[in-house]
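Structural characterization, general
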Amino acid sequence: KEGYYARQRKRVGRDRSTDFFTASSFSDLFAIILQEATETLLAATGRPLSEFNWVEIGAEPDAALMAGKKTPFKTCQAIRYSDNIEISGDCIVFSNELFDAQPFHTLLYIEGHWQERCVQLLDDGIQFINRRQISPELTPYLDRVPQVAPEGYTIDIPTRTIPLLEQIATQPWNGLFIAFDYGKTWQALCYDTPQGTARAYRNHQQIPNILEDAGQQDLTCHICWDFLENILNQQNFQQLILESQESFVIRRAPKLLADSLSPRFDALSKQRSQLKQLIHPSLMGQKFQVLSALKPQLIP
């Protein structure tokens, strides 16, 4: 209840009082993109959006994507980070940067051995310590990490994304799963990120010490897309697609794209500017990815 995401405060946005912004910060445009994209992804089922409930998991306080907007969905529901997740019926289950906000573990390769980075509570604060004894939650990964690595190589393992998605995927609902986030493959985490991916953000700046002001700044690490895909495969989800945010918008919302690029919008228009932020490769287009899949009961 005291964690960063459990606090009743504004975290996401483009003003100085917030810590970071996401695609949802362009809520009007992003909502239109999602409405067209979900229709595209569900086209093979032959069912209209009016038969599906929209469920957003991890919604910020008073900032659910579809809140206050006219939508084609049957109903719209927002589940906050601290709420119980209960989903049933025909649904479109959506999240935006939900999984990167989950707790993670860290392994470091030191003097020929993998060690676990832990947090030690002191009288005057907290600090990192490394230990050879690996916690049970990390033990299964020791056979999957490289047997030899450069000194100090760091792997931040997003272990808690697994039970979260299992909880979502096994509930009694049918429909479309769609998650926006940033992540890497297990291969990339093990070989391409020697400094790890854990980061802290406050007031739109990266903070060097991720233990500074515990509970007052955003702590995050890249998710492992392999973990999520494996769970969806285990639960027999179909038509899994992992693509960049740029590709998602271009392929799934072509009408919105064509409209934004039409002559009626000049190059400096708000809609074009926001679209550029969402899809340009050097901005958000390649930094974020989208995973979508259909629950098996929905396949015609």
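Please refer to the structure higher up on the page.
Cut-offs applied
All chains use their own residue numbering, which begins from 1 and follows the written sequence. Totals for whole chains, interfaces and linings use all residues, but because this is a predicted model, local features are given only for residues with pLDDT of at least 70 and pairs of side-chain atoms are given and counted only at 80 or more. Only heavy atoms go into the side-chain values, all of them from the structure, while hydrogens and water stay out. For two strands to be treated as a pair, DSSP must find at least two bridges joining them. Only DSSP runs of H or I reaching four residues or more are called helices, and only runs of E reaching two or more are called strands; each is numbered from the N terminus. Accessibility here uses a 1.4 Å probe with only protein chains present; expressed as a share of the type maximum, an area under 20% marks a residue as buried, one over 50% as exposed, and anything in between as partly exposed. In this analysis, axes come from line fits to C-alpha atoms, helices being fitted only over the stretch in contact, and the angle between any two N-to-C directions falls in the range 0 to 180 degrees. The rule is short: rings of Phe, Tyr and Trp, with Trp giving its six-membered ring, pair when the centres are within 6.5 Å, and they are stacked under 30 degrees, edge-to-face over 60, tilted in between. Only when the NZ atom of a Lys or the CZ atom of an Arg is both within 6 Å of the ring centre and within 35 degrees of the ring normal do we say a charge sits over the ring. What we call a nonpolar core is a set of buried Ala, Val, Leu, Ile, Met, Phe, Trp, Tyr and Cys residues that are connected through their side-chain atoms within 4.5 Å. We call two residues contacting when some pair of their heavy atoms lies within 4.5 Å. By convention in these notes, a salt bridge is any Lys or Arg side-chain nitrogen within 4 Å of a carboxyl oxygen on Asp or Glu. With respect to orientation, any angle under 35 degrees is reported as roughly parallel, any angle over 145 as roughly antiparallel, any angle of 65 to 115 as roughly perpendicular, and every other angle as oblique. Residues were grouped as follows: Ala, Val, Leu, Ile, Met, Phe, Trp, Tyr, Cys and Pro as nonpolar; Asp, Glu, Lys and Arg as charged; and all remaining residues, including Gly, as polar. Note: the arc covers the axis-to-C-beta directions of the helix.

1. Focus: the sheet that holds strand E12 (residues 218-220)
The strand order E11-E10-E12 describes an open sheet built from 3 strands, whose pairing is antiparallel. Every other strand in the sheet has two partners, leaving strand E11 (205-206) and E12 as the edge strands with one partner each. Pairing geometry for strand E10 (residues 199-202) and E12, over 3 bridges, is antiparallel. When the sheet's bridge partners are listed, arginine 199 is paired in E12 with threonine 220.

2. Some words on the pairing of strand E3 (residues 89-96)
Of all 8 residues in E3, 6 are buried, a share of seventy percent or more. Sheet topology places strand E1 (residues 53-59) next to E3; 5 bridges connect them, and they run parallel. Across the sheet, the residue bridging to glutamate 56 is phenylalanine 94, located in E3. Alignment of E3 against strand E8 (residues 173-181), held across 8 bridges, turns out to be parallel. Its bridge partner being in E8, serine 95 is matched across the sheet by alanine 179.

3. Some thoughts on the sheet that holds strand E7 (residues 154-157)
Reading across from one edge, E6-E5-E4-E7 is the order of the 4 strands in this open sheet, with antiparallel pairing throughout. Bordering the open sheet on either side are strand E6 (125-131) and E7, each of which pairs with just one other strand. For this sheet, the mean angle separating the axes of adjacent strands, direction not counted, is 30 degrees. Alignment of strand E4 (residues 105-110) against E7, held across 4 bridges, turns out to be antiparallel. In the sheet register, leucine 108 faces E7, and the bridge partner there is threonine 154.

4. Some thoughts on the packing of aromatic side chains
Ring pairs (aromatic) are described by centroid distance and by the angle formed between their planes. All chains considered together, the criterion is met by 12 aromatic pairs. Between tyrosine 141 and tryptophan 186 the ring centres are 5.9 Å apart and the planes differ by 40 degrees, which places this aromatic pair in the tilted class. Placement of tyrosine 141 in the loop between E6 and E7 and of tryptophan 186 in helix H3 (residues 186-191) is noted, with a sequence separation of 45 residues between them. For tryptophan 186, a relative accessible area of 9% translates into the label buried. Positioned above the aromatic ring of phenylalanine 128, the side-chain terminus of arginine 117 is 4.7 Å from the ring centre. Arginine 144 extends its terminal NZ or CZ atom over the ring of tryptophan 186, reaching a point 4.9 Å from the ring centre.

5. Overview of the nonpolar core
Ile57, Ile87, Phe99, Ile168, Phe177 and Trp186 are the most contacted members of the largest nonpolar core, which has 40 residues in total. Counting residues per element, this core draws most heavily on helix H4 (residues 225-234), at 5 residues. Leave out the neighbours within four places in its chain, and phenylalanine 177 touches Val93, Phe99, Leu165, Leu232, Phe237, Leu291, Ser292 and Ala293. Counting residues in each nonpolar core, the second largest holds 33 residues, with Leu176, Phe180, Leu256 and Ile279 among its members.

6. Thoughts on the pattern of salt bridges
In the structure shown here, the tally under the stated rule is 7 salt bridges. Here glutamate 51 makes a salt bridge to arginine 47, at a shortest N to O gap of 2.7 Å. One salt bridge in this structure joins arginine 252 and glutamate 243, with 3.1 Å as the shortest N-O distance. In this structure, arginine 252 and glutamate 243 share a single accessibility class: buried.

7. Considerations on unusual backbone geometry
Even without being glycine, glutamate 111 reaches a positive phi, approximately 50 degrees. Within the secondary structure layout, glutamate 111 lies in the loop between E4 and strand E5 (113-122). Since its relative accessible area comes to 67%, glutamate 111 is described here as exposed.

8. Looking at the environment of glutamate 166
Residue placement: glutamate 166 occurs in helix H2 (residues 161-169). For the pair glutamate 166 and glutamine 234, spaced 68 residues apart in the sequence, the C-alpha separation amounts to 9.6 Å.

9. Let's talk about the packing of helix H1 (residues 27-41) against helix H5 (residues 245-252)
Two elements in contact, H1 and H5, have axes whose closest approach is 9 Å; the angle formed by their N-to-C orientations is 70 degrees. Viewed along their axes, H1 and H5 adopt a mutual orientation that is roughly perpendicular. In contact with Ile33, Glu36, Ala37, Thr40 and Leu41 of H1, H5 contributes Phe248, Val249, Arg251 and Arg252. By residue class, the composition of the contact of H1 with H5 is 5 nonpolar, 1 polar and 3 charged.

10. So, the environment of cysteine 190
Along the polypeptide, cysteine 190 turns up in helix H3. Spatially, the C-alpha atom of cysteine 190 lies 6.3 Å from that of valine 145, the residues being 45 residues apart in sequence. Other than its neighbours up to four places away in sequence, cysteine 190 contacts Arg144, Val145, Pro146, Tyr153 and Ile155.

11. Some words on H2
Note: α-helices contain 3.6 residues per turn, so residues at a spacing of three or four share the same orientation. Along H2, the residues classified as buried are Thr161, Leu164, Leu165, Ile168 and Ala169. Buried residues of H2, seen end-on, are gathered within an arc of 125 degrees and therefore sit on one face of the element. Buried positions along H2 lie against E1, E3, E8, strand E13 (223-224) and H4.

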